[in-house]
Amino acid sequence: MIKKLLEVPENVWDIYALRGEPLKNKIPEEELPVYLELAHRTGKELAARVRAEYPGQSPEQICEALKLRLNRIEEKDGGPYTMFACYTEPDRIDLYMGSIESLEKLLKEEKQAALPGEVPVQDILLAHELFHYYECHEPEFPTRRKLITLWKIGKFRYKSPLTVLSEIAAMEFAKDLLGLSWHPYLLDILLLYASDHQEGRKLYDCLLKLQEN
């Protein structure tokens with residue numbers, strides 16, 4: 001499963017991410033590549049900026065420098081919805097350690113001590129949520145732009161941001177900040193699989209179908 005996931009190209013992960021976007025049917029087909037490029041660029045640019053500001057520091061050390069409150073929760077997940085980590089405004093990041101520990105145990109059992117690059121799962125989740133901290137605290141952040149017109153009356157247009165761009169950018173940020181050779185969205189499937197084999201397998205099969213199409 002890991003071998004196949006490592007081979008999934010970036011554009012398929014973008015399609016995977018778009019599945020959860022409530023406004024995906026409102027996105028003009030010809031504009032989608034522009035929006036996706038914006039998300040990837042935003043993640044890369046912020047990663048370069050943070051690396052320059054905090055050279056050689058881990059995501060946890062960066063969180064400490066920014067005075068973020070890191071809350072490790074021992075429960076398996078965040079309630080009725082499977083959750084692995086969460087940023088809450090203005091300064092709190094929750095990590096659900098049960099899911100992380102389940103995956104680490106599974107990797108050891110399968111003699112796959114770590115994913116390529118030896119980066120701890122916790123660091124990747126922290127980096128993702130760290131992106132959301134920056135996004136929240138910078139009003140002009142690119143992924144907060146209102147891009148999609150929901151309705152209009154005369155010259156007035158009501159626009160909305162696209163949540164999926166924030167998520168794609170956060171994954172790109174984590175990937176670039178930590179120098180990963182693989183896409184962090186892979187953890188969506190592995191963390192779920194470690195906690196619930198059946199549901200994780202369903203998500204894995206869904207991704208493979210997206211790749212085939």
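Residues numbered from 1 in each chain as written. Predicted model: local features only at pLDDT ≥ 70, side-chain atom pairs only at ≥ 80, totals over all residues. Heavy atoms only, no water.

Peer 1: How do you make sense of the pairing of strand β2 (residues 85-88) when you look at a structure like this?
Peer 2: On β2, burial follows the alternation: Ala85 and Tyr87 on one face are buried, whereas Cys86 and Thr88 on the facing-out side are not. Looking at chain direction, β2 and strand β3 (residues 92-96) are connected through 4 bridges and run antiparallel. Pairing of alanine 85 across the sheet is with leucine 95, part of β3. (Buried < 20%, exposed > 50% of the residue type's maximum accessible area, 1.4 Å probe, protein only. Helix = DSSP H or I, 4+ residues; strand = E, 2+ residues; numbered from the N terminus. Pairing = 2+ DSSP bridges.)

Peer 1: Help me understand the layout of surface pockets in this model?
Peer 2: Sizing a probe to match a water molecule and rolling it over the atoms shows the empty space that remains. The volume enclosed by the largest pocket comes to roughly 810 Å³. As for the largest pocket, its lining consists of 30 residues, of which His128, Glu167, Met171, Tyr185 and Asp188 are closest to the centre. The set of elements that each furnish at least two residues to the lining of the largest pocket consists of α2 (10-18), β2, α6 (121-137), α7 (163-178) and α8 (186-195). For the lining of the largest pocket, the residue count by class is 20 nonpolar, 5 polar and 5 charged. There is about 240 Å³ of room inside the second largest pocket. (1 Å grid on protein atoms, 1.4 Å probe; cavity = no way out; pocket = protein on both sides within 12 Å on 5 of 7 lines; lining within 4 Å. Points joined across faces, edges and corners; volume = space filled by probe spheres on them. Nonpolar A, V, L, I, M, F, W, Y, C, P; charged D, E, K, R; others polar.)

Peer 1: Is there a simple way to explain the packing of aromatic side chains in this structure?
Peer 2: For any two aromatic rings, the description comes down to two numbers: the centre-to-centre distance and the angle of the planes. The final tally for this structure, using the stated rule, is 7 aromatic pairs. Considering the side-chain rings of tryptophan 13 and tyrosine 16, the 5.6 Å spacing of their centres and the 90° angle between planes classify their relative orientation as edge-to-face. Here tryptophan 13 pairs with tyrosine 16, and both are found in helix α2, just 3 residues apart, close to one helical turn. Here phenylalanine 131 and phenylalanine 173 contribute two aromatic rings whose centre-to-centre distance is 5.9 Å and whose plane-to-plane angle is 50°, an arrangement assigned as tilted. (Phe/Tyr/Trp six-rings, centres within 6.5 Å; stacked < 30°, edge-to-face > 60°.)

Peer 1: Would you explain the packing of helix α5 (residues 97-109) against α6 in this entry?
Peer 2: To describe two helices that pack against each other, one gives the angle between their axes and the distance between the axes. With their axes 10 Å apart at the nearest point, α5 and α6 run at an angle of 140° to one another. Judged by the inter-axis angle, α5 sits oblique to α6. From α5, Met97, Ile100 and Leu103 reach across to α6, where they touch Val121, Gln122 and Leu125. The residue makeup of the contact of α5 with α6, split by class, is 5 nonpolar, 1 polar and no charged. (Axes fitted to C-alpha atoms, helices over the stretch in contact; angles between N-to-C directions. Parallel < 35°, antiparallel > 145°, perpendicular 65-115°, else oblique. Contact = heavy atoms within 4.5 Å.)

Peer 1: Is there a simple way to explain unusual backbone geometry in this structure?
Peer 2: The bulk of non-glycine residues show a negative phi, and the bulk of peptide bonds are trans. Residues glutamate 89 and proline 90 are joined by a peptide bond in cis, for which omega reads 0°. Following the sequence through the fold, proline 90 ends up in the loop between β2 and β3. Of note, the phi angle at lysine 67 is positive, near 60°, even though the residue is not glycine. Mapping lysine 67 onto the fold places it in the loop between α4 (59-65) and β1 (69-73).

Peer 1: Even after reading the chapter, I still don't get the side chain of histidine 128, so can you show me in this structure?
Peer 2: Looking at the secondary structure, you find histidine 128 in helix α6. On the basis of relative accessibility, which here comes to 7%, the residue histidine 128 falls in the buried class. Here the side chain of histidine 128 touches glutamate 167 through a polar contact of 3.0 Å, side chain to side chain. Other than its neighbours up to four places away in sequence, histidine 128 contacts Glu167, Ala170, Met171 and Ala174. (Polar contact = N/O pair within 3.5 Å; in protein donor to acceptor, adjacent residues only side chain to side chain.)

Peer 1: Could you clarify how one ought to interpret the state of the cysteines in this entry?
Peer 2: One covalent bond between the sulfur atoms of two cysteine residues makes up a disulfide. Tallied over the entire structure, the rule returns 0 disulfides. Not part of a disulfide, cysteine 86 finds its nearest cysteine sulfur in cysteine 136, a span of 12 Å. (Disulfide = S-S within 2.5 Å.)

Peer 1: Help me understand α5, please; the structure alone is not making it clear to me.
Peer 2: The α-helix winds at 3.6 residues per turn, so residues separated by three or four positions along the chain end up facing the same way. Here α5 spans 18 Å end to end across 13 residues, near enough to the 18 Å set by a 1.5 Å rise per residue. Turning to α5, its buried residues are Met97, Gly98, Ser99, Ile100, Leu103, Leu106 and Leu107. Summarising the contacts, the buried residues of α5 are in contact with α1 (2-6), β1, β3, α6 and α8. (Expected span 1.5 Å × (residues − 1).)

Peer 1: Looking at this structure, how should I read the nonpolar core?
Peer 2: As a rule of thumb, soluble globular proteins bury nonpolar side chains together. Within the largest apolar cluster, 71 residues are counted, with the highest numbers of intra-cluster contacts made by Trp13, Leu130 and Phe173. Broken down by element, the residue count for this core peaks at 10 residues, all from α7. (Core = buried A, V, L, I, M, F, W, Y, C linked by side-chain atoms within 4.5 Å.)

Peer 1: What is the right way to read the packing of helix α3 (residues 32-53) against α7 from this model?
Peer 2: Contact geometry of α3 with α7 gives a least axis separation of 7 Å together with a crossing angle of 40°. What the angle tells us is that α3 and α7 run oblique. Relative to α7, the crossing made by α3 is right-handed. Facing α3, whose interface residues are Tyr35, Leu36, Leu38, Ala39, His40, Thr42, Gly43, Lys44, Leu46, Ala47, Val50 and Arg51, α7 presents Leu165, Ile168, Ala169, Glu172, Phe173, Asp176 and Leu177. Partitioning the contact of α3 with α7 into residue classes produces 12 nonpolar, 3 polar and 4 charged. (Left-handed = near helix turned anticlockwise from the far one by under 90°.)

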